[in-house]
Amino acid sequence: MSIAHFDGYSKDWADFVLKNRCNFTRKPVHDYDIVIGPIADDAVGYQIRRYTSGIISMEKFLEELKYMKGVTMQYFFGTEKAVSNLVKIEWQ
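Asks: Whenever I open this one, helix α2 (residues 42-52) confuses me. Can you help?
Replies: Helical geometry note: an α-helix holds 3.6 residues per turn, so side chains three or four residues apart project in the same direction. Within α2 the residues assigned to the buried category are Val44, Gly45, Gln47, Ile48 and Arg50. Where α2 is buried, its residues meet α1 (11-21) and α3 (58-66). Where α2 begins, the side chain of Asp41 points an oxygen toward the backbone nitrogen of Ala43, at a separation of 3.2 Å. Among the residues trailing α2, Gly54 stands out with phi positive, at a value near 85°.

Asks: So what exactly am I meant to see when it comes to the layout of surface pockets here?
Replies: In this approach, a probe sized like a water molecule rolls over the atoms, and the result shows the empty space that is left. The calculated volume of the largest pocket comes to roughly 250 Å³. For the largest pocket, the lining is made up of 15 residues, of which Phe16, Val17, Val35, Gln74 and Phe76 are closest to its centre. Top contributing element to the lining of the largest pocket by residue count: α1, with five residues. Broken down by class, the residue content of the lining of the largest pocket amounts to 10 nonpolar, four polar and one charged.

Asks: What is the right way to look at the pattern of salt bridges in this model?
Replies: Oppositely charged side chains can form a pair if their charged atoms are brought close together. Tallied over the entire structure, the rule returns three salt bridges. Notably, a salt bridge pairs Lys60 with Glu64, separated by 3.1 Å at the nearest N-O pair. Here the residue Lys60 and the residue Glu64 both occupy positions in helix α3, the gap between them amounting to four residues, near one helical turn. A relative accessible area of 31% means that Lys60 is categorised as partly exposed. A salt bridge links Lys88 to Glu90, with the shortest nitrogen-to-oxygen separation between them at 3.6 Å. For Lys88, a relative accessible area of 71% gives the class exposed.

Parameters at a glance
- Throughout this document, residue positions are counted from 1 along each chain, in the order its sequence is written.
- The predicted nature of this model means local features are confined to residues of pLDDT at least 70 and side-chain atom pairs, given and counted, to a pLDDT of 80 or more, with totals for whole chains, interfaces and linings taken over all residues.
- Side-chain figures throughout are based on the complete set of non-hydrogen atoms in the structure, without hydrogens or water.
- Relative accessibility thresholds used throughout: buried, under 20% of the residue-type maximum; exposed, over 50%; partly exposed, between the two (1.4 Å probe, protein chains only).
- Secondary structure elements follow DSSP: runs of H or I no shorter than four residues count as helices, runs of E no shorter than two count as strands, and numbering proceeds from the N terminus.
- The criterion used for residue contact is that any of the two residues' heavy atoms lie within 4.5 Å.
- Polar contacts here mean pairs of N or O atoms no more than 3.5 Å apart (in protein, one a potential hydrogen donor and the other a potential acceptor; neighbouring residues in sequence count only if both atoms are side-chain atoms).
- A cavity, in this analysis, means grid points on a 1 Å lattice covering only the protein atoms where a 1.4 Å probe fits yet has no way out; a pocket is instead an open set bounded by protein on both sides within 12 Å along at least five of seven lines, and a residue lines either one if it has an atom within 4 Å of a point.
- Grid points are joined across faces, edges and corners, and a volume is the space filled by probe spheres set on the points.
- Note that Gly is not counted as nonpolar here; it falls among the polar residues with everything else outside the nonpolar set of Ala, Val, Leu, Ile, Met, Phe, Trp, Tyr, Cys and Pro and the charged set of Asp, Glu, Lys and Arg.
- For this analysis, a salt bridge means a side-chain nitrogen from Lys or Arg found within 4 Å of a carboxyl oxygen belonging to Asp or Glu.

Purely geometric numbers; function is a separate question.
Pasting the structure below:
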């Protein structure tokens, strides 16, 4: 199983997110089964727009993310192989 894991905001994470956000084809830009990393929510999206518009540098982009409150992680299961490993948990 192929897994990408980003522990926090980093240049590698930013490059990965930007490649995915700028992909306007139906073909994925990666072949990972699972991707784990910080969520790119509206606040992060605002900083991404500032970066892609040339308003801030990559260094400033990453610096701005340091001051965001709490990093929320997300888990992406992008293939049948990944989904087939999920197990339903019954809550009592």
